[in-house]
Amino acid sequence: IFEERAKMAQQVKKVSVIVVNFNGMSHLEVCISSVLNQTYRDFEIIFVDNGSTDGSLDYARRRFPELIVVANRDNLGYAGGINEGLKLASGEYIAAHNTDTEVDEHWLAHMVRFLDENQKAGAVTPKILLYHDRAKINALGLNVHITGVSFVRALNEDSKNYSNGRVRVSGVSGCSYLIRREILERIGGVPDICFMNNDDTVLSWILNLMGYEIYCIPQSVIYHKYQLKMDPEKFFRLDYTRYIMLLSTFNPVTFLICLLALAFTEMLMVGYCLIRGRPYMRAYLKALFSVYQNRDSLKRRRAQLQQLRRVSDIHLLTRLRLNYEWNQLLQILT
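Just so we're clear, the structure is a prediction, and the values are computed from it rather than from any experiment.

Student: How should I be thinking about unusual backbone geometry in this particular structure?
Tutor: A negative phi angle characterises most non-glycine residues, just as the trans form characterises most peptide bonds. One non-glycine residue, Asn23, lies in positive phi territory at about 55°. Here Asn23 shows up in the loop between strand E1 (15-21) and helix H2 (25-36). Despite not being glycine, Asn156 has its phi angle at roughly 70°, a positive value. Mapped onto the elements, Asn156 comes out in the loop between strand E9 (150-152) and strand E10 (167-169). For Asn156, a relative accessible area of 36% corresponds to the partly exposed category.

Student: What should I look at first to understand helix H4 (residues 77-86) in this one?
Tutor: The periodicity of an α-helix, 3.6 residues per turn, causes residues three or four places apart in sequence to face the same way. Of all ten residues making up H4, nine are buried, and the element is well covered by its neighbours. Taken as a whole, H4 has its buried residues at Gly77, Tyr78, Ala79, Gly80, Gly81, Ile82, Asn83, Gly85 and Leu86. Looking at the packing, one finds that the buried side of H4 touches E1, strand E2 (43-50), strand E4 (93-97), strand E11 (176-180), helix H6 (181-187) and helix H7 (199-209).

Student: When you look at the pairing of strand E3 (residues 68-72) in this model, what are you seeing that I'm missing?
Tutor: Put simply, side chains in a regular strand alternate between the two faces of the sheet. Side chains Ile68, Val70 and Asn72 project from E3 onto a buried face, and the interleaved Val69 and Ala71 project onto a face without burial. For E2 and E3, the ladder comprises five bridges, and the chain directions are parallel. Across the sheet, Ile46 pairs through a bridge with Ile68, a residue of E3. Chirality of the crossover, the property in question, places the unit of E2, helix H3 (residues 56-63) and E3 among those that are right-handed.

What counts and what doesn't
Residues numbered from 1 in each chain as written. Predicted model: local features only at pLDDT ≥ 70, side-chain atom pairs only at ≥ 80, totals over all residues. Heavy atoms only, no water. Helix = DSSP H or I, 4+ residues; strand = E, 2+ residues; numbered from the N terminus. Buried < 20%, exposed > 50% of the residue type's maximum accessible area, 1.4 Å probe, protein only. Contact = heavy atoms within 4.5 Å. Pairing = 2+ DSSP bridges. Right-handed = clockwise from strand over helix to strand, strands pointing away.

Here's what the structure looks like:
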C-alpha cells in the first residue's frame, strides 16, 4: 500500500500544495487531513519542514506517507520553504499553505476552477475564517496601501456577508493562496527578502506590477488560527521589506506624487514606535540602516523588477489602496 501511495505522489499533478512546517506538531493532523479530503483530486502535497525539533517531521512521514517531503536542516522561513518545495513541484498551479489551518472540502476546487476560467488572474486567495470563531472573517485577501503597508480585509466581519461571487483585491493572504506556477518561476520564487510575515504583500505588489489581477473567492473557505499581534522583530521585517519594495519599484516622480502619503505613513510608524518603546524604535532604525547596508542588492532587485514590469507606476497606484484600516492599527497598538 505504501509503495502504491508513493507512486501516486510522484505522478504529475495539476496542483502542488506546499505546506511549510516549523514545529507545527499540534496543527498537522487537522491541516493535512483536511487537505487530503478535497473533492478536487488532481493535486500533490509537498511537505517542507524547516528544521523542526518537536518531532513533527517524523510524525508527518509516518502518518501521511503520500506526502512528498523536503527536510531542510535550517529554518528558511515561510518564503524559503515555499521556494524549496517549488523545486520538486509538478503542478501547473502552486498552493502555498500554512499549517495552522483547516480547509473546507471544496477549498481547492473553487480556486482551481477560477484560475482555469480567468486567464488574466495571476493568483486567488480563499475566504479565511477564524478557526475558533467560524462565523467571523480573518481575511478576504489584503488591502495593500500605496505606501506598502498592508491590512487584512474585512477582519472580524460576519462571514455571511461574503458568501458568493468574486472580489478583486490588491493582495493575497499568505495563509493560503493559489498562483500560476509559471508566474512564480518568472519572479524567481517568493521574494527572498521575506523570511516571514510580509511575503504575501511583496508577492502581491509584484503581481500587480506585472499587470496580473488578484481575486478573493468567498466560496473557497479555510479556517485559520489567527491572532493580530506585533513584536519588534516582526515590525523590523515588515518595515524593511516595505522600504525595499518601494525603492525597487517607484520612479522619482512617483515618490513626489505620493510624498504626503509616504510622510504620513512614516509619522504613523515613528509615533507607534515611540508609544511602544525603545525596542520598536531600534527596530525602525534597524530597518532603515539595513536598507542602506543592502543597497547593492537593492539595485539588482530594482533591475529585476523593471524587467518584470508591465504597468506604469500610476497604473500600479490605481490597483492599490488609499485608506488605512484604523481599527487594525488601534488593535495592534492596544
